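Architecture and fold: a report
The lines below spell out each chain.
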Amino acid sequence: MSSFLDAFKEEGNYVEDSDIAAELNASSSDEEYLDYVDSHTAKKIKLENNKTVEDSLNLKTLKSNQPEGEILSYHELSKEQSVVYDLIVKGGRNVFFTGPAGSGKTTLLKTIIHGLKVKHDAFEDSKALRVGVTASTGLAAMNLKGLTFHSFLQIGLGTLKAEAIAKNLLSDINFNLVWNSLRVLIIDECSLINSKLFQKLEKVARLVRKNHKPFGGIQLVLVGDFYQLPPIIEDYDILAKIGIVKDKTDYHEFKRKRFAFCSPAWKKCIEFELGLKEVHRQKGDPKFIEYLNQIRLGNVTKEIDQEMQKLTRELSPIEGVEPTYLFPTKFKANNYNLQQMNKIKSRTYRYKAALDGKLKGTNEFAKMVEACMFFKTLDLKVGSQVMLVKNNFPEGVINGTKGVVVGFERVDSSLAEKTSNTKKNTNTENDTITHHLVNPLYGGNLESNIDGEQYYPIVKFLPDPSNPSETKTIIVQEEKFELQDVKTGHALFSMCQIPLIHSWAISIHKSQGQTYNFMKTDLRDTFEFGQCYVALSRVTSRAGLQLLNWHKSFVKANNLVNTFYIGLQDPILISKEETSSESDYDY
Ligand SMILES: Nc1ncnc2c1ncn2[C@@H]1O[C@H](COP(=O)(O)OP(=O)(O)OP(=O)(O)O)[C@@H](O)[C@H]1O
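Residues numbered from 1 in each chain as written. Predicted model: local features only at pLDDT ≥ 70, side-chain atom pairs only at ≥ 80, totals over all residues. Heavy atoms only, no water.

This brings us to the overall build of the protein. The helix and strand tally for the protein stands at 22 helices and 22 strands. Looking at the protein residue by residue over its 587 residues, the buried ones come to 60%. Across the protein, the fraction of contacts at a sequence separation of at least 24, relative to all contacts at a separation of at least 6, is 76%. As presented, the protein carries roughly 23,800 Å² of accessible surface, and 49% of it is formed by carbon and sulfur atoms. (Helix = DSSP H or I, 4+ residues; strand = E, 2+ residues; numbered from the N terminus. Buried < 20%, exposed > 50% of the residue type's maximum accessible area, 1.4 Å probe, protein only. Contact = heavy atoms within 4.5 Å. Areas by Shrake-Rupley, 256 points an atom, 1.4 Å probe, with all protein chains shown as cover.)

As structure tokens, then:
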């Protein structure tokens, strides 16, 4: 494995034995990436003077300016969510908020990002970036239409000492501008950042901004769940070699206290450590919420044990759709999908994504391709099990909805022909029609190698497995995912693809943050604290969950995390004065 990958992982990046690893192995340099991206501030939001920030959240027209996915209006937030919102957006406080899987952390964060952008960006003439939207993983960053904090903050691999990183940043006017214009830094999935890196970042912020206040006076919004996947800590030899640890004692202490909340910088910066309690994802199965909350803490009572045993029964396919198999590694998930595809003896419709943007050719671009939910090459056949990876689909079919390809619609304005499961399709086993998707979208821009043969997949979606008669059959067209340069509005990264992925299987890592209603998993294969909890908490109810193996010993939780969570504040108990009083940090 390359030293790049080792160092990348050492910094707390979650890397599985996946294409990312292959990608990074292949890269020969650790060059870091230029220009900050934020697609939202390109379009400035103009508010009428008499509108409050909360009112503005009701303006549906602003939704197009937001990260993909659901944004709630202020009034749709639950009580506890609105307290967190107020502390961050109104109060400008430094907040870490967490909560069980499905408690709405991501949904709330997207709403907060909206509010912060309205607050900081809408009233500024300058195109400077005030709100930095970042995450510790590419996947989470993409979900927010932001960047990894490594890229955004231009800290390289972060293996140098804080003084050296700061010196590099100060010597480059562009980097300096990013840091100095920043008022709020958001880091999603902060549970994957290790304590030493967080400590270093805080010092870099003070040095670069020449401001002695915690994190150089930048408001911090940290989000994550420390009960889910932990930071990866590399072997002693590697860390000693690059000077991250002094000796074995230091290494063991680091390993034990690997979490960002263990660092003195965290204690200095974070004013509020808040725990959301209300779980929205499984609200139709309240008993399951109870069980999951215990499993999260590492507790398996006799009742939970018995109830989970019952879930080892087989779930039959519904309307031809099988439960999605969650694997602990992407490698296993990909293999499983491939095997299932190979079992189908019919023509392949291949869709090659159109990739474009200013960053094309850089490592950053390659990592973005990897992190994007869209496939670079998507092979579909009649019978392929798929999942929609696009939000706000017009017919009410949401991100994560599973379905099966039932045919292909010919793209030909004069002759729209359904080829649904015809003999023509099923007899052409080795035949592949390759489509090269191109930008701009729509209007017959799909290009095929075979003249005149261009097709869109027809998918029968199953929005609710408990109600199989509710299937929706939809022609799925290409979709563009884009990150824009905030200053010019030009695309830095764009990927145009049919927004479907194979859904026979997915890795637990890739499933993090997703909601499924029909899945199975083999917990025997899980190897990390929290992995079992992440897998189980994806599903909306026990009715849609099959366990291939269950033993209570698979459930593990870290004691330090348990202790930290006991000390969290309940947002509901925070007084009105605190939520409305402004932070005394100057920006
Ligand atoms: N205030 C709310 N009212 C109704 N539904 C909500 C609310 N907040 C969140 N949800 C819904 O709950 C589900 C889970 O939300 P979300 O994915 O944001 O949770 P999460 O805490 O980020 O989960 P995970 O830790 O698994 O990533 C989503 O379907 C979301 O739409």
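The 3 strands lie next to each other as E9-E18-E17, forming an open sheet whose pairing is antiparallel. Each edge of the open sheet carries a strand with a single partner, namely strand E9 (354-356) and strand E17 (479-484). Between one strand axis and the next, the sheet turns by 5° as a mean value, whatever way the strands run. Of the strand pairs in this sheet, E17 and strand E18 (residues 491-497) are connected by 6 bridges, and their pairing is antiparallel. Across the sheet, Glu482 pairs through a bridge with Ser494, a residue of E18. (Pairing = 2+ DSSP bridges. Axes fitted to C-alpha atoms, helices over the stretch in contact; angles between N-to-C directions.)

The next thing to look at is the environment of Pro499. Mapped onto the secondary structure, Pro499 falls in the loop between E18 and strand E19 (500-502). Through-space distance from the C-alpha of Pro499 to that of Lys390 is 5.9 Å; in sequence the pair is 109 residues apart. Residues in contact with Pro499, not counting those within four places in the same chain, are Phe374, Met387, Leu388, Val389, Lys390, Val476, Gln477, Glu478 and Glu479.

Counted by the stated rule, this structure contains 23 aromatic pairs. Between the aromatic rings of Phe96 and Phe564, the centroid separation amounts to 5.9 Å while the plane-to-plane angle is 40°, which identifies the pairing as tilted. Taken as a pair, Phe96 in strand E1 (residues 95-98) and Phe564 in helix H21 (residues 559-566) lie far apart in primary sequence, 468 residues in all. The residues Phe96 and Phe564 share a single accessibility class, namely buried. (Phe/Tyr/Trp six-rings, centres within 6.5 Å; stacked < 30°, edge-to-face > 60°.)

A separate point is the pairing of strand E8 (residues 348-352). As paired elements, E8 and strand E13 (residues 432-436) share 5 bridges and run parallel to each other. What sits directly across from Arg350, in E13, is Thr434. As defined by bridge partners, E8 adjoins strand E10 (residues 377-380) across 4 bridges and the pair is classed as antiparallel. Counterpart to Tyr349 in the pairing with E10 is Leu380.

With that settled, the discussion passes to unusual backbone geometry. With a phi close to 55°, Lys145 is a non-glycine residue in the positive phi region. With respect to the secondary-structure elements, Lys145 resides in the loop between helix H6 (138-143) and strand E3 (147-148). Lys145 sits in the buried class, given a relative accessible area of 14%. For Glu319, which is not a glycine, the phi torsion comes out positive at approximately 50°. With respect to the helices and strands, the residue Glu319 is situated in the loop between helix H15 (302-310) and strand E7 (324-327). Classification of Glu319 as partly exposed rests on a relative accessible area of 38%.

Now for the environment of Asp522. With respect to the helices and strands, Asp522 occurs in strand E21 (residues 519-522). Separated by 28 residues in the primary sequence, Asp522 and Trp550 place their C-alpha atoms 7.7 Å from one another. Excluding residues within four positions of it along the chain, Asp522 makes contact with Tyr325, Leu326, Leu548 and Asn549. Polar contacts involving the side chain of Asp522 include one to the side chain of Arg524, which spans 3.1 Å. (Polar contact = N/O pair within 3.5 Å; in protein donor to acceptor, adjacent residues only side chain to side chain.)

Counting 91 residues, the largest nonpolar core has Phe96, Phe226, Trp266, Phe493 and Leu536 as its most contacted members. In terms of residue count, helix H10 (residues 195-209) provides more of this core than any other element does, 6 residues in total. Judged by nonpolar contacts, the second largest core, of 27 residues, contains Leu72, Leu77, Phe97 and Ile113. (Core = buried A, V, L, I, M, F, W, Y, C linked by side-chain atoms within 4.5 Å.)

So, on to the pairing of strand E12 (residues 402-410). Of all the 9 residues making up E12, 8 are buried; the element is thus mostly covered by neighbouring parts of the structure. Bridge count between strand E11 (residues 385-388) and E12: 3 bridges; the pairing is antiparallel. If you follow Met387 over to E12, its bridge partner there is Lys402. Note that E12 and strand E15 (residues 455-461) share 7 bridges and pair antiparallel. In the sheet register, Val405 faces E15, and the bridge partner there is Val459.

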